[in-house]
Amino acid sequence: MTIAFDNSWTRDLPGSFLRVPPDAAPAPRLLALNRPLAADLGLDLTGAQARDWFSGAALPPGADPIAQAYAGHQFGGFSPQLGDGRAHLLGEILTPDGRRFDLQLKGSGRTPFARGGDGKAAIGPMLREYLISDFMAAMGVPTTRALAVVATGEEVWRETKLPGAVLARVAASHIRVGTFQFFAARGDRDKVKALADYAIARHYPGLAGTDAPYLAFLDAVIARQAALIAEWMGLGFIHGVMNTDNMAISGETIDYGPCAFMEGYAPGTVFSSIDRQGRYAYANQPLILGWNLARLAETLLPLLDRDEGRAVEIANDRLAGIAPRYQSEWLAVMRRKLGLAGEDRGDAALAEDLLPAMQGADWTLVFRRLDDAAALRPLFDDFSRMEAWLPRWRARAGEGAAQRIAEANPAVIPRNHKVEEALAAATDGDMAPFHALLAAIRQPCTENEAYMLPAPPGFGQYVTYCGT
């Protein structure tokens, strides 16, 4: 088959990329092909096509590989030029029903944006992105998706020698807050406007031609990101690197690096080895949401009003609304997780009071077992606060709560110890644990005892790494 490519990015946004081909994998071997996703995209790929096209061994007809430029605040410090250091955007897939998606290779070789990196990736981190993004999709959380992972046949050096791999990633686009920052940092207002016009046309076409399209664009991005972070919080998901270059304008989760899922509820949970100050801890993610969106608003100021002071007032007004907007989204997520039908003025207090009561208990299993006190009790060292809270919940939840809980809350998540087992086996050449875990997390609300329990005591404190 051929892929129906278009290349609007290169056509419409000159100066935002460099043309650079991916490295050719010397001995590619297909590890995983996401056939359900391929079918949704209208792609009927053979294994040989996936192996060659998604490893750099051959380019699919119509591909125009580029590395995109962007900037970004990384752990609060601004870098005016980052860009795709080890990724190549092959082009944009046009699906039979008219949708548009980026097709990008990750770990496919150094580009001029590499900043000293080797441009490669190891099997483990690429399969991690495949697993966790597929779980997010199964839970209805907006996300980039892994289309395939291909082993390259060469080794990469990290702490030790590891087998290399390339990830083929599909995204609504790879436009980031940092993409806007790239042009704004250079004082290129025309390029900021061109990028905003492109983003509106691609992601928010209904805003084009309105009286204040750039303000409406800011509002739309705020709305999508507030809803996204609320979904993360509901799942106990910790992204790990919420830098501005890792926040997508489309509202999708992007760049699954040192991410992981919280087990015992602790607001300060951090997994990333490089987040020593806890900037991106679980409880801080809603705060970073506002911080990152403030950086986006700064880039749009010249488009909001010709008068700089007035533009700042407009932006600050919108930024002040982020916290209540997020709180509303979070409450909607919690109502769903608690199995509450409709809305009640006491719902916020009910949800907020649950959190201190479940301190230290397994985040996923507490919600899953809310309607079964006997199964709930063993999750707690001290059940007294939870026991005092439960009658309030029962009085509010009423009939049908058990079914609503079962439909809203995953029984299976990518438990950190299970992910590590699967990735270690895959690194050693055994893909069976990966495929078994993938099958389980694709049906997250179906109970599967082999994948439901927290890590055993000997697993220790979990630490994740960027994989670069």
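Our subject is the structure that appears above.
Calculation criteria
Residues numbered from 1 in each chain as written. Predicted model: local features only at pLDDT ≥ 70, side-chain atom pairs only at ≥ 80, totals over all residues. Heavy atoms only, no water. Helix = DSSP H or I, 4+ residues; strand = E, 2+ residues; numbered from the N terminus. Rg over C-alpha atoms; globule rule 2.2 N^0.38 Å. Contact = heavy atoms within 4.5 Å. Lys, Arg positive; Asp, Glu negative; His and termini not counted. Charge placed at Lys NZ, Arg CZ, Asp CG, Glu CD. 1 Å grid on protein atoms, 1.4 Å probe; cavity = no way out; pocket = protein on both sides within 12 Å on 5 of 7 lines; lining within 4 Å. Points joined across faces, edges and corners; volume = space filled by probe spheres on them. Expected span 1.5 Å × (residues − 1). Buried < 20%, exposed > 50% of the residue type's maximum accessible area, 1.4 Å probe, protein only. Disulfide = S-S within 2.5 Å. Nonpolar A, V, L, I, M, F, W, Y, C, P; charged D, E, K, R; others polar. Pairing = 2+ DSSP bridges. Core = buried A, V, L, I, M, F, W, Y, C linked by side-chain atoms within 4.5 Å. Salt bridge = Lys/Arg side-chain N within 4 Å of Asp/Glu carboxyl O.

Caption draft 1: Highlighting the overall build of the protein chain. Looking only at helices and strands, the protein chain has 17 helices and 12 strands in total. Relative to the globule expectation of 23 Å for 468 residues, the C-alpha radius of gyration of the protein chain, 22 Å, shows essentially globular dimensions. Each of the three principal axes of the protein chain carries a C-alpha extent, and together these read 60 × 60 × 45 Å. Residue pairs in contact within the protein chain that sit at least 24 positions apart in sequence constitute 71% of those at least 6 positions apart. In the protein chain, 46 positive and 54 negative side-chain charges are present, and the distance between their average locations comes to 2 Å.

Caption draft 2: Here's a closer look at empty space enclosed by the protein. Applying the stated criterion across every chain yields a total of two cavities of 30 Å³ or more. Looking at the largest cavity, its volume works out to about 70 Å³. Along the wall of the largest cavity there are 14 residues; nearest its centre are Gln225, Trp232, His239, Asn246 and Met247. Sorting elements by how many residues they give to the lining of the largest cavity places helix H7 (residues 213-235) first, with four residues. Of the volumes computed, that of the second largest cavity is approximately 40 Å³. Forming the walls of the second largest cavity are Asp23, Ala24, Ala25, Ser55, Gly107, Ser108, Lys120, Thr152, Glu154 and Val166.

Caption draft 3: The arrangement of helix H6 (residues 189-203) in detail. Taking 1.5 Å per residue as the helical rise, H6 with its 15 residues ought to reach 21 Å, and the 21 Å between its terminal C-alpha atoms agrees with that figure. Taken together, the buried positions of H6 are Val192, Leu195, Ala196, Tyr198, Ala199, Ile200, Arg202 and His203.

Caption draft 4: Quick peek at the state of the cysteines. For the structure on display, the rule yields zero disulfides. Cysteine Cys445 shares no disulfide, and the gap to the nearest cysteine sulfur, in Cys259, comes to 19 Å. Overall, Cys445 belongs to the partly exposed group, its relative accessible area being 25%.

Caption draft 5: Main features of the layout of surface pockets. Estimated volume of the second largest pocket: approximately 220 Å³. The wall of the second largest pocket is formed by 14 residues, among which Phe271, Asn416, Gly460, Gln461 and Tyr462 lie closest to the centre. Partitioning the lining of the second largest pocket into residue classes produces eight nonpolar, five polar and one charged.

Caption draft 6: Region of the structure containing the pairing of strand E8 (residues 100-106). With six of its seven residues buried, E8 lies for the most part within the structure. Taken together, strand E7 (residues 87-94) and the strand that follows it, E8, pair antiparallel across an intervening segment of five residues, in which Gly98 is found at a positive phi of about 90°.

Caption draft 7: Representation of the nonpolar core in the model. Of all hydrophobic cores here, the largest spans 127 residues; its most connected members are Phe180, Phe217, Ile249, Leu370, Met386 and Trp393. For this core, the element with the most residues is H7, which contributes 14 residues. Listed in part, the 23 residues of the second largest apolar core include Leu37, Leu45, Leu105 and Ala148.

Caption draft 8: Summary view of H7. In this model H7 runs 33 Å from its N-terminal to its C-terminal C-alpha over 23 residues, within 8% of the 33 Å that 1.5 Å per residue would give. Counted residue by residue, H7 has 19 buried out of 23 residues, so it is predominantly covered. Downstream of H7 by a residue or two, Gly236 has a phi angle that is positive, lying close to 70°.

Caption draft 9: How the structure looks around the pairing of strand E10 (residues 161-171). Across the 11 residues of E10, eight count as buried, placing the element largely inside the fold. Direction of pairing for E8 relative to E10: antiparallel, over a ladder of five bridges. Within E10, the residue paired with Leu105 across the bridge is Ala168. Pairing analysis gives nine bridges linking strand E9 (residues 145-157) to E10, with the strands arranged antiparallel. What sits directly across from Ala146, in E10, is Arg169.

Caption draft 10: Looking closely at unusual backbone geometry. Although it is not a glycine, Arg115 sits at a positive phi angle of roughly 55°. Tracing the sequence through the fold places Arg115 in the loop between E8 and helix H4 (123-138). Of note, the phi angle at Asp255 is positive, near 65°, even though the residue is not glycine. With respect to the helices and strands, Asp255 occurs in the loop between strand E11 (237-238) and strand E12 (260-261).

Caption draft 11: Structural view of the pattern of salt bridges. By the definition in use, this model includes 37 salt bridges. Note that Arg19 and Asp64 form a salt bridge whose closest N and O atoms lie 2.8 Å from each other. Taken as a pair, Arg19 in strand E2 (residues 17-19) and Asp64 in the loop between helix H3 (47-53) and strand E4 (66-68) lie far apart in primary sequence, 45 residues in all. For Arg19, a relative accessible area of 55% corresponds to the exposed category. What makes Asp64 buried here is its relative accessible area of 19%. Here Glu263 makes a salt bridge to Arg415, at a shortest N to O gap of 3.4 Å. Separated by 152 residues along the polypeptide, Glu263 in the loop between E12 and helix H8 (285-304) and Arg415 in the loop between helix H15 (401-408) and helix H16 (416-427) bring together distant segments of the chain. The buried category is assigned to Glu263, whose relative accessible area is 15%. Taking the relative accessible area as the measure of exposure, Arg415 reaches 1% and is therefore buried.

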